Amino acid sequence: MNVNGKVGPIDAAQIPRYAGAATYARLPRLDQVEHADVAVVGVPFDTGVSYRPGARFGGNHIREASRLLRPYNPAQDTSPFENLQVADAGDLAVNPFNINEAIETIQAGALELTEGGTKLVTLGGDHTIALPLLRAAAERAGEPVAMLHFDAHLDTWDTYFGAEYTHGTPFRRAVEEGILDTEAISHVGTRGPLYGKKDLEDDKRFGFGIVTSSDVFRQGVDEVVAKLRDRIGSRPLYISVDIDVLDPAHAPGTGTPEAGGITSRELLEILRGMRGMNLVGADVVEVAPAYDHADITAVAASHVAYDLITLMGLSA
Ligand SMILES: N=C(N)NCCCC(=O)O
Ligand SMILES: [Zn+2]
Ligand SMILES: [Zn+2]
């Protein structure tokens, strides 16, 4: 326990970081602490994918890659696990054969975990899971939430093979359900071919602003951060990170890779630019280990989660 009464990660100078069972960042399990300010929870679900499967294994893969994280974050001059009690809540046991039931289970699980004011950082799983997580976040916030959505894809399509709940459709459903504050929702890092121009027209109609991958390249991180902050203001903010927002060079281990993505440095820098915003919840999804050579994707994802947790400690 540290001076603030928080249980931090296992000390890598005492027990080698590759020893023992993996929790996220070698943090305590939720049942080992009295109260968690932030819980990291896995959702091993990938029944909503439209191409390569495997994101159900993403959470544990990210946990394994997170063993190397150290407790002090120099980019924000803070030790995120010192001021906040962060714990690993394990995985939600969701039905892989019934998407509707899985969505209900995730929503209920998220509500249960956030009961005492705990904030959630969720490790996916495919992007379908963002819908029930947003429902829970909006319920806890007591109002529709602002959203920053990092992704190569819009994920505002209507249906696939007639299915409403898939990893390409969560944000259209979320807008329809009124759980997003449509004055303050933005995609970041989108790129690649679409089905038609209508995809963009629909997306705009729903209220989304878009910062494409090319915009990040041409405008630079600082300008992008300033624009995004302006749009979000002091609203409760949810951040959803589809790891395929990164170029396949930075994240090969994902189900629907698209060329021309942003770098992990750009993603981390944009996230760090959200310091002081009212971050109420976040997810990192679409990590598919079978395609992840040398843990490249999982290393990036574990750092993204680390900076999201850091932001929660610096929230307004
Ligand atoms: N990776 C996510 N979330 N969505 C990709 C859907 C792309 C498609 O099948 O057209
Ligand atoms: Zn995507
Ligand atoms: Zn996505």
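In this report, the structure presented in the accompanying data block is examined. Note on numbering: residues in each chain are counted from 1, in written sequence order. Chain labels run from A onward and ligand labels from 1 onward, assigned in the order the entries are written. Side-chain atom pairs in this predicted model are given and counted only at pLDDT of 80 or more, local residue features only at pLDDT of at least 70, and totals for whole chains, interfaces and linings cover all residues. Heavy atoms throughout the structure, all of them, feed into the side-chain values; hydrogens and water do not.

## Observations concerning the overall build of the protein
When you go through the protein residue by residue, the secondary structure sums to ten helices and eight strands. Here the globule rule is a power law, 2.2 Å times the number of residues to the power 0.38, and the radius of gyration is based on C-alpha atoms. In summary, the protein has a C-alpha radius of gyration of 18 Å against a globular reference of 20 Å for 316 residues, a match within 12%. Each of the three principal axes of the protein carries a C-alpha extent, and together these read 55 × 45 × 40 Å. To sort residues, take the accessible area from a 1.4 Å probe on protein chains only and compare it with the maximum for the residue type: under 20% means buried, over 50% means exposed, and anything in between is partly exposed. For the protein, with 316 residues in total, the buried portion stands at 56%. Numbered from the N terminus, helices here are DSSP runs of H or I no shorter than four residues, and strands are runs of E no shorter than two.

## Side note on the site of ligand 1
Nearness here has a simple test: a residue counts as near a molecule or strand if at least one of its heavy atoms is within 4 Å of that partner. Every residue close to ligand 1 is listed here: S50, H127, H153, D155, W157, Y160, H167, Y195, D242, D244, T256 and E286. A 3.5 Å cut-off defines polar contacts: any pair of N or O atoms within that distance qualifies, except that in protein one atom must be a possible hydrogen donor and the other a possible acceptor, and neighbouring residues in sequence count only when both atoms are side-chain atoms. Between ligand 1 and S50, the relevant distance is 2.5 Å, taken from an oxygen atom to a side-chain nitrogen or oxygen of the residue. Contact distances for ligand 1 include 2.9 Å between an oxygen atom and a side-chain N or O atom of Y160. Only the protein chains shown count as covering a residue, and every accessible area follows the Shrake-Rupley method with a 1.4 Å probe. When isolated, ligand 1 has an accessible area of 310 Å², and the protein chains bury 92% of it. Residues were grouped as follows: Ala, Val, Leu, Ile, Met, Phe, Trp, Tyr, Cys and Pro as nonpolar; Asp, Glu, Lys and Arg as charged; and all remaining residues, including Gly, as polar. Classifying every residue of the shell around ligand 1 gives three nonpolar, five polar and four charged.

## Section: the side chain of R26
Following the sequence through the fold, R26 ends up in the segment before strand 1 (38–42). Neither His nor the chain termini are counted; the positive set is Lys and Arg, and the negative set is Asp and Glu. Salt bridge, as used here: a side-chain nitrogen of Lys or Arg that lies within 4 Å of a carboxyl oxygen of Asp or Glu. D11 is the oppositely charged side chain nearest to the buried, salt-bridge-free R26, at an N-O distance of 6.8 Å. One polar contact links the side chain of R26 to the main-chain carbonyl oxygen of I15, over a distance of 3.1 Å. Contacts: residue pairs with any heavy atoms within 4.5 Å of one another. In this view, R26 contacts G8, P9, I10, D11, A12, I15, P16, R17, A19 and R67; residues no more than four positions away in its chain are not counted.

## Points about the coordination of the zinc ion (ligand 2)
Note that water is not among the atoms considered, so a metal site may appear incomplete; the donors listed are N, O and S atoms within 2.8 Å of the metal, with 3.2 Å applied to Na, K and Ca. In the first shell of the zinc ion (ligand 2), the protein supplies D151 (OD), H153 (ND1), D242 (OD), D244 (OD) and D244 (OD), at 2.1 to 2.4 Å from the metal. Only two sets of limits are used to name each site, 85 to 135 degrees for every angle of a tetrahedral four-donor site, and over 155 degrees for opposite donors with all other angles from 65 to 115 for a square planar four-donor or octahedral six-donor site, with any other site named irregular. One can describe the donor arrangement at the zinc ion (ligand 2) as irregular, given that its six donor atoms subtend angles of 57 to 164 degrees at the metal. The sequence motif formed by the donor residues of the zinc ion (ligand 2) is D-x1-H-x88-D-x1-D. A separation of 3.2 Å is found between the zinc ion (ligand 2) and the zinc ion (ligand 3), which are bridged by D151. Of this pair, D151 sits in the loop between strand 4 (145–150) and helix 5 (170–177) while D244 sits in the loop between strand 7 (237–242) and helix 9 (264–272), placing them 93 residues apart in sequence.

## Observations regarding helix 9
Given 3.6 residues per helical turn, the α-helix brings residues three or four places apart onto the same face. Listed as buried for helix 9 are E266, L267, L268, I270 and L271. Those residues of helix 9 that are buried are in contact with strand 4, strand 5 (180–190), helix 7 (213–219), helix 8 (221–232), strand 7 and helix 10 (296–313).

## Side note on a nonpolar patch on the surface
Taken together, the side chains of L194, L200 and I210 define a hydrophobic patch exposed on the protein surface, amounting to about 210 Å² of accessible area. With respect to the helices and strands, I210 occurs in strand 6 (residues 209–212). The residues that make up patches have over 30% relative accessible area and no salt bridge, and they are joined within 9 Å when like-charged or within 5 Å when they are Val, Leu, Ile, Met, Phe, Trp or Tyr.

## Concerning the packing of aromatic side chains
The pairing test for Phe, Tyr and Trp rings, Trp by its six-membered ring, is centres within 6.5 Å, and the orientation test on the planes gives stacked under 30 degrees, edge-to-face over 60, and tilted for anything in between. Enumeration over the complete set of coordinates arrives at two aromatic pairs. Considering the side-chain rings of F81 and Y306, the 5.8 Å spacing of their centres and the 70 degrees angle between planes classify their relative orientation as edge-to-face. One end of the pair, F81, is in helix 2 (residues 80–83); the other, Y306, is in helix 10, with 225 residues separating them in the sequence. Taken individually, F81 and Y306 each receive the classification buried, so the pair is uniform in this respect. With a centroid separation of 5.4 Å and 90 degrees between ring planes, the pair formed by W157 and Y195 is classed as edge-to-face. Pair noted here: W157 is in the loop between strand 4 and helix 5 and Y195 is in the loop between strand 5 and helix 6 (197–205), with a separation of 38 residues, a long-range link. We classify W157 as buried; its relative accessible area is 12%. A ring is scored as having a charge over it whenever the NZ atom of a lysine or the CZ atom of an arginine sits within 6 Å of its centre and within 35 degrees of its normal. Its guanidinium or amino end placed over the ring of Y291, R52 lies 3.9 Å from that ring's centre, counting from NZ or CZ.

## Considerations on the packing of helix 9 against helix 10
Comment: axis = line fitted to C-alpha atoms, over the contacting stretch for helices; angle = value between 0 and 180 degrees taken between N-to-C directions. Between helix 9 and helix 10, the least distance of the axes is 10 Å, while the angle of their chain directions is 10 degrees. Taken together, the axis directions place helix 9 and helix 10 in an arrangement best described as roughly parallel. Listed contacts from helix 10 to S264, L267, L268, L271 and R272 of helix 9 are A300, H303, V304, D307, L308 and L311. Residue classes in the contact of helix 9 with helix 10 are distributed as seven nonpolar, two polar and two charged. Reported orientations rely on four angle classes, namely roughly parallel under 35 degrees, roughly antiparallel over 145, roughly perpendicular from 65 to 115, and oblique for the rest.

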